[in-house]
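Inside the fold
Read off the chains here:
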Amino acid sequence: MPEIIDGKKIAASIKREIASGVELLKREKGVVPFLTVVLIGNDPASEVYVKSKSKTAGKLGIQSETIKLAEAVSEKDVLNLIDKLNENPEVNGILVQLPLPPHLNTELILERLNPRKDVDGLHPTNLGLLATGRPTFIPCTPFGIWELLKRTNHSPEEKDVVILGRSNLVGKPLSLLLSMKQKDCNATVTLCHSRTSNLPQMARQADILISAMGQAEFVTGDMVKPGAVVIDVGIHRKEDGKLVGDVDFASVAPVALAITPVPGGVGPMTIAMLMQNTFQAAKST
Ligand code: GUN
């Protein structure tokens, strides 16, 4: 069986590092990091994620608040709220939980954030800095995947990395990150998506295969090169209640050198890196 990459354990160790940093910042500068999470509507998955974010923040000594807005809130009201949070010197980090209700323009809302408070790293300025190799806030899931690879000695350095899924949240920023000219990056990245012809053949080229396509158990053993490292970003609940990823664990595990489980792989890392970005935002104010 392959190495099982324990995201929960690695996230716990990152969170301990952050908690020490937070304590030092408080002691030396009197600064306590403050994160505001904006949750719009009643998406049950988003509610769970947001609760988990504020609970984690509390454990690390980071203050947080969640502002809940009704599903039917107007775009103008959301933009006004963001303006107020941008101006509030107490607030170091702002996160607008996605997805937004369909009547709201996600790009417009994310663009309204002060890039220096955009701890999700989704503002075009922050994505542009990442694209030009000078990242400030790296989006949390790509950041978490990078940390997982580094901390398990599977550095992307000079590897062939294939990413499945081109979302603004994961696939696209991850491709920018891992192809940066920088230590522990320098990967040759192929970004595959729903219109890729012969995706299984592309996937089989990967030394490191990262799936963020959002299709349950899509990646099967025949799509994986023997000895590849497989990172699963997906999370889906099956009819029997079981949580599974984008990767069909049963057929892929025997082929892989290392693999992340679902749950307990990438998920815990996303939250840890949000805390890291919030801590960094507070430090640099
Ligand atoms: N929804 C799912 N993942 C994320 C994330 O990383 N950030 C935000 N803002 N929303 C999400």
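Throughout what follows, the structure given in this document is the object of discussion. Remember, predicted model here, so these are calculated numbers, not experimental data.

Procedures and definitions
- Residues numbered from 1 in each chain as written.
- Predicted model: local features only at pLDDT ≥ 70, side-chain atom pairs only at ≥ 80, totals over all residues.
- Heavy atoms only, no water.
- Helix = DSSP H or I, 4+ residues; strand = E, 2+ residues; numbered from the N terminus.
- Rg over C-alpha atoms; globule rule 2.2 N^0.38 Å.
- Contact = heavy atoms within 4.5 Å.
- Areas by Shrake-Rupley, 256 points an atom, 1.4 Å probe, with all protein chains shown as cover.
- Lys, Arg positive; Asp, Glu negative; His and termini not counted.
- Charge placed at Lys NZ, Arg CZ, Asp CG, Glu CD.
- Pairing = 2+ DSSP bridges.
- Right-handed = clockwise from strand over helix to strand, strands pointing away.
- Near = heavy atom within 4 Å.
- Polar contact = N/O pair within 3.5 Å; in protein donor to acceptor, adjacent residues only side chain to side chain.
- Nonpolar A, V, L, I, M, F, W, Y, C, P; charged D, E, K, R; others polar.
- Core = buried A, V, L, I, M, F, W, Y, C linked by side-chain atoms within 4.5 Å.
- Buried < 20%, exposed > 50% of the residue type's maximum accessible area, 1.4 Å probe, protein only.
- Phe/Tyr/Trp six-rings, centres within 6.5 Å; stacked < 30°, edge-to-face > 60°.
- Lys NZ or Arg CZ within 6 Å of the ring centre and 35° of its normal.
- Salt bridge = Lys/Arg side-chain N within 4 Å of Asp/Glu carboxyl O.
- Expected span 1.5 Å × (residues − 1).
- 1 Å grid on protein atoms, 1.4 Å probe; cavity = no way out; pocket = protein on both sides within 12 Å on 5 of 7 lines; lining within 4 Å.
- Points joined across faces, edges and corners; volume = space filled by probe spheres on them.

A tally of helices and strands in the protein yields 10 helices and 11 strands. Here the C-alpha atoms of the protein give a radius of gyration of 19 Å, agreeing with the 19 Å that 2.2 N^0.38 yields for 285 residues. The principal-axis extents of the C-alpha atoms in the protein amount to approximately 50 × 45 × 40 Å. Taking the contacts inside the protein whose residues are at least 6 apart along the sequence as the reference set, 72% of them involve residues at least 24 apart. Within the structure as shown, the protein displays about 13500 Å² of accessible surface, and the carbon and sulfur contribution to it stands at 52%. Side-chain charges of the protein comprise 32 positive and 31 negative groups, with the mean position of each set lying 4 Å from the other.

This brings us to the pairing of strand β3 (residues 63-69). Here strand β2 (residues 34-40) pairs with β3 via seven bridges, running parallel. Within β3, the position partnered with F34 by the bridge is Q63. You can see the chain leave β2, run along helix α2 (residues 44-59) and come back into β3, and the turn it takes is right-handed.

The next subject is the site of the ligand. Around the ligand lies a shell formed by L95, V96, Q97, L98, D120 and L169. Contact distances for the ligand include 3.2 Å between a nitrogen atom and a side-chain N or O atom of Q97. One of the side-chain N or O atoms of D120 is found 2.4 Å from a nitrogen atom in the ligand. Here the ligand has 280 Å² of accessible area as a free molecule, and 84% of this is covered by the chains. Considering only residue class, the shell around the ligand consists of four nonpolar, one polar and one charged.

Counting 51 residues, the largest nonpolar core has I18, I145, L177, L178, I210, I231 and M275 as its most contacted members. When residues in this core are grouped by element, the largest group, 10 residues, is from helix α10 (residues 266-283). Discounting residues that sit within four places of it in the chain, I145 has contacts with V170, L174, I210, I231, V233 and V266. Membership of the second largest hydrophobic core comes to 19 residues, among which are V38, L79, L104 and L122.

Here the focus is the packing of aromatic side chains. For the coordinates displayed, the defined rule picks out zero aromatic pairs. Lying over the aromatic face of W146, K150 brings its terminal NZ or CZ to 3.5 Å of the ring centre.

What follows deals with the pattern of salt bridges. Side chains bearing opposite charge may pair, as long as their charged atoms lie close to each other. Applying the stated criterion across every chain, the model contains nine salt bridges. Between R27 and E23 there is a salt bridge, with the nearest N and O atoms lying 3.9 Å from each other. In this pair, R27 and E23 both sit in helix α1 (residues 7-29), four residues apart, roughly one turn of the helix. Accessibility expressed as a relative area gives 59% for R27, which makes it exposed. Between K183 and D184 there is a salt bridge whose closest N-O contact spans 3.2 Å. By relative accessible area, which is 16% here, D184 ends up buried. Look at the salt bridges and you will find they share partners, linking E17, E147, K150 and R151 into a network.

Here we come to α1. Taking 1.5 Å per residue as the helical rise, α1 with its 23 residues ought to reach 33 Å, and the 32 Å between its terminal C-alpha atoms agrees with that figure. Of all the residues in α1, the buried ones are G7, I10, A11, I14, I18, G21, V22 and L25. One side-chain oxygen of the residue at the start of α1 lies 3.2 Å from the amide nitrogen of K8, identifying that residue as D6. Positive backbone phi, at 70°, marks G30, one or two positions downstream of α1.

Tracing the backbone through its elements, the reader meets K117 in the loop between α4 (106-112) and α5 (124-131). In this structure K117 is buried but unpaired, with E87 as the nearest side chain of opposite charge at 9.0 Å. Within polar-contact distance, the side chain of K117 engages the backbone oxygen of N88 at 2.8 Å. When residues no more than four places from it in sequence are discounted, the contact partners of K117 are L85, N86, E87, N88, V91, N92, G93 and I94.

So, about the layout of surface pockets. When its volume is computed, the second largest pocket comes out at roughly 280 Å³. Elements represented by at least two residues in the lining of the second largest pocket include exactly α4 and α5. In terms of residue count, α4 provides more of the lining of the second largest pocket than any other element does, four residues in total. When grouped by side-chain class, the residues that make up the lining of the second largest pocket number eight nonpolar, two polar and two charged.

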